[in-house]
Amino acid sequence: ILGGREPQPHTMPYMASLQEDGKHICGGFLITAEWVLSAAHCLEDTINGTFQVLLGAHSLTAHEPHKRLYGVRRLIPHPGSSTETNADDLLLIQLAEPALLGTDVGTLALQEEDQEVPAGTLCTAAGWGFTTNTGKRPDKLQSVELSIMSRATCNRRIHHDGEVTENMMCTEIKKDSRKDTCKGDSGGPLVCHGVAAGVVAAGSRVCGNWKKPGIYTRIPPYIEWIRAVMASAN
Ligand SMILES: CC(C)CC(=O)Nc1cccc(-c2cccc(CN)c2)c1
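This is a predicted model, so every value here is computed, not measured.

Student: Honestly, the site of the ligand in this entry has me stumped. Any pointers?
Tutor: Near the ligand, the surroundings consist of 17 residues, among which Asp180, Thr181, Ser186, Arg205 and Val206 are the closest. Between the ligand and the protein, one listed contact pairs a nitrogen atom with a side-chain N or O atom of aspartate 180 at 3.0 Å. Protein chains shield 92% of the accessible area of the ligand, which is 500 Å² for the free molecule. When each cavity is represented as a set of grid points, the ligand is found to reside in the largest pocket.

Below is the structure:
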C-alpha cells in the first residue's frame, strides 16, 4: 500500500495474509469460516512450497492473542484466470479447518447486486504489500482510502487503453498523492460502503503512477462461481 496509514489494529478482522513457506505473498479476505478469497496471480511466482493463511493479525511478526496460521485444504483459481491476462483473477482458498471467529477474526460480506460503484466513491484497500516502489515490506497492516475512477476514463489511451473489462474496476491515483495498492496487496478487498466490491489485481504491475490507475476484479459478476465452488467442495 502506497500513501496509506496503519489502521487501528484488528479493525479489519477479515484481512488474510497468504503465505508460502512462512513468507507473505498476497492479501486475501475471509468470506466464510473456511473460505478465503484472493487473486489467482498470487500463485504464479510460487515454488510449490507450503501454503498457509494468517488470520487475526496486525503485525506479521509480533505475538498477538488471536493471530493464527491455518493450513490450506484446497487452492481453486478461477478457470478463466491465466498468467497472460488480468481476466478472472480470483482464487478461492479452502482452509484446512474452519477459522475460529472472534473479535480479531471475522468475515467480510460480498457486494451481491451487479451495479457499478459510482465514480468518486471513496473505498478502502488494505494489505501488507510494498509501501514504496523500491519494495519496502511493512510488518504492520496498512490501509488507504481510494476514489473510484470511471471505466471510460480508466480505458483512455493514457491510462489502461481499453484493457479494463466490465468485470474490472479502477481507482484513481491523484498526481501528488501516490495512494495506490502495490505488490503483495493482490488478493485483498476493495471495500466500498462496508462490503467487498472488488479484489486487488496486479494490473500493469506498476505502483503509484497516476497514468496507471489501480485495477480490481469486480465481485458481483463472480458471485455465482464463488457460491458454486463453496457448495461443491467437501
Ligand atoms: C507475486 C505475484 C502476485 C506477482 C505480482 O503481483 N507482481 C507485482 C509486481 C509489481 C506490482 C504489483 C501490483 C500488485 C497490486 C497492485 C498494483 C498496482 N495498483 C501492482 C504486482
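Student: Can you help me understand the sheet that holds strand S8 (residues 142-149) in this one?
Tutor: Across a sheet, strands are paired by hydrogen bonds formed along the backbone, either parallel or antiparallel in direction. As summarised here, the arrangement of the 6 strands in space is S7-S8-S9-S12-S11-S10, forming a closed barrel in which the pairing is antiparallel. The average undirected angle you get between the axes of adjacent strands in this sheet is 45 degrees. Both strand S11 (residues 195-201) and strand S12 (residues 214-218) contribute to a ladder of 4 bridges, which runs antiparallel. Bridge pairing in S12 links glycine 198 to arginine 218.

Student: What exactly am I supposed to notice about the state of the cysteines here?
Tutor: Two cysteines, two sulfur atoms, one covalent bond between them: this is a disulfide. Under the defined criterion, the tally for this structure stands at 4 disulfides. Between cysteine 154 and cysteine 170 runs a disulfide, and the two sulfur atoms are separated by 2.0 Å. The chirality of the disulfide connecting cysteine 154 with cysteine 170 is left-handed, given an S-S dihedral of about -85 degrees. With cysteine 154 in helix H1 (residues 151-154) and cysteine 170 in strand S9 (residues 168-171), the pair connects residues that are 16 residues apart, well separated along the chain.

Student: How should the pattern of salt bridges be read in this particular structure?
Tutor: Working definition: two side chains of opposite charge can pair if their charged atoms are close together. Scanning the model with the defined rule gives 7 salt bridges in all. Measuring nitrogen to oxygen at the nearest pair gives 3.8 Å for the salt bridge that ties arginine 218 to glutamate 116. You can see arginine 218 sitting in strand S12 and its partner glutamate 116 sitting in the loop between strand S6 (91-95) and strand S7 (122-127), a full 102 residues away along the chain. Note on glutamate 116: relative accessible area 41%, which makes it partly exposed. Look at the salt bridges and you will find they share partners, linking Asp114, Glu116, Arg151 and Arg218 into a network.

Student: Would you explain helix H2 (residues 223-232) in this entry?
Tutor: Within H2, burial applies to Ile223, Trp225, Ile226, Val229 and Met230. With its buried residues spanning 165 degrees around the axis, H2 presents them on a single face. Across from the buried face of H2, at angles greater than 90 degrees, the exposed residues are Glu224, Ala231 and Ser232. On its buried face, H2 sits against strand S2 (23-32), strand S3 (35-38), strand S5 (68-77) and S6.

Student: Whenever I open this one, the nonpolar core confuses me. Can you help?
Tutor: A general trend in soluble globular proteins is that nonpolar side chains are found buried together. Phe29, Ile31, Leu37, Leu55, Leu92, Leu110 and Ile226 are the most contacted members of the largest nonpolar core, which totals 44 residues. The contacts of leucine 92, once residues within four sequence positions are left out, are Ile31, Trp35, Val36, Leu37, Arg74, Leu75, Ile76, Trp225, Ile226 and Val229. One finds Ile1, Ile148, Leu190 and Val200 within the second-largest nonpolar core, a separate group that totals 13 residues.

Student: Explanation requested: the environment of leucine 190 in the structure shown.
Tutor: With respect to the helices, strands and loops of the structure, leucine 190 is situated in strand S10 (residues 189-192). As for leucine 190 and arginine 227, which are separated by 37 residues in sequence, their C-alpha atoms are 19 Å apart. Excluding residues within four positions of it along the chain, leucine 190 makes contact with Cys123, Thr124, Ala125, Leu146, Ile148, Met169, Thr171, Val195, Ala196, Ala197, Gly198 and Tyr216.

Student: In this structure, what is going on with the packing of aromatic side chains? I would like to understand it.
Tutor: How two aromatic rings sit relative to each other is set out by the distance from centre to centre and by the angle between their planes. Applying the stated rule across the entire model yields 0 aromatic pairs. The lysine or arginine in question, lysine 175, covers the ring of tryptophan 210, its NZ or CZ lying 4.2 Å from the ring centre.

Student: How should I be thinking about the environment of isoleucine 158 in this particular structure?
Tutor: With respect to the secondary-structure elements, isoleucine 158 resides in the loop between H1 and S9. By relative accessible area, which is 42% here, isoleucine 158 ends up partly exposed. Residues isoleucine 158 and proline 221, spaced 63 residues apart in sequence, show a C-alpha to C-alpha distance of 27 Å. Discounting chain neighbours no more than four positions away, the residues touching isoleucine 158 are Trp210, Lys211 and Lys212.

About the criteria used
- Residues numbered from 1 in each chain as written.
- Predicted model: local features only at pLDDT ≥ 70, side-chain atom pairs only at ≥ 80, totals over all residues.
- Heavy atoms only, no water.
- Near = heavy atom within 4 Å.
- Polar contact = N/O pair within 3.5 Å; in protein donor to acceptor, adjacent residues only side chain to side chain.
- Areas by Shrake-Rupley, 256 points an atom, 1.4 Å probe, with all protein chains shown as cover.
- 1 Å grid on protein atoms, 1.4 Å probe; cavity = no way out; pocket = protein on both sides within 12 Å on 5 of 7 lines; lining within 4 Å.
- Sits in = over half its atoms within 2 Å of the grid points.
- Pairing = 2+ DSSP bridges.
- Helix = DSSP H or I, 4+ residues; strand = E, 2+ residues; numbered from the N terminus.
- Axes fitted to C-alpha atoms, helices over the stretch in contact; angles between N-to-C directions.
- Disulfide = S-S within 2.5 Å.
- Salt bridge = Lys/Arg side-chain N within 4 Å of Asp/Glu carboxyl O.
- Buried < 20%, exposed > 50% of the residue type's maximum accessible area, 1.4 Å probe, protein only.
- Arc of directions from axis to C-beta.
- Contact = heavy atoms within 4.5 Å.
- Core = buried A, V, L, I, M, F, W, Y, C linked by side-chain atoms within 4.5 Å.
- Phe/Tyr/Trp six-rings, centres within 6.5 Å; stacked < 30°, edge-to-face > 60°.
- Lys NZ or Arg CZ within 6 Å of the ring centre and 35° of its normal.

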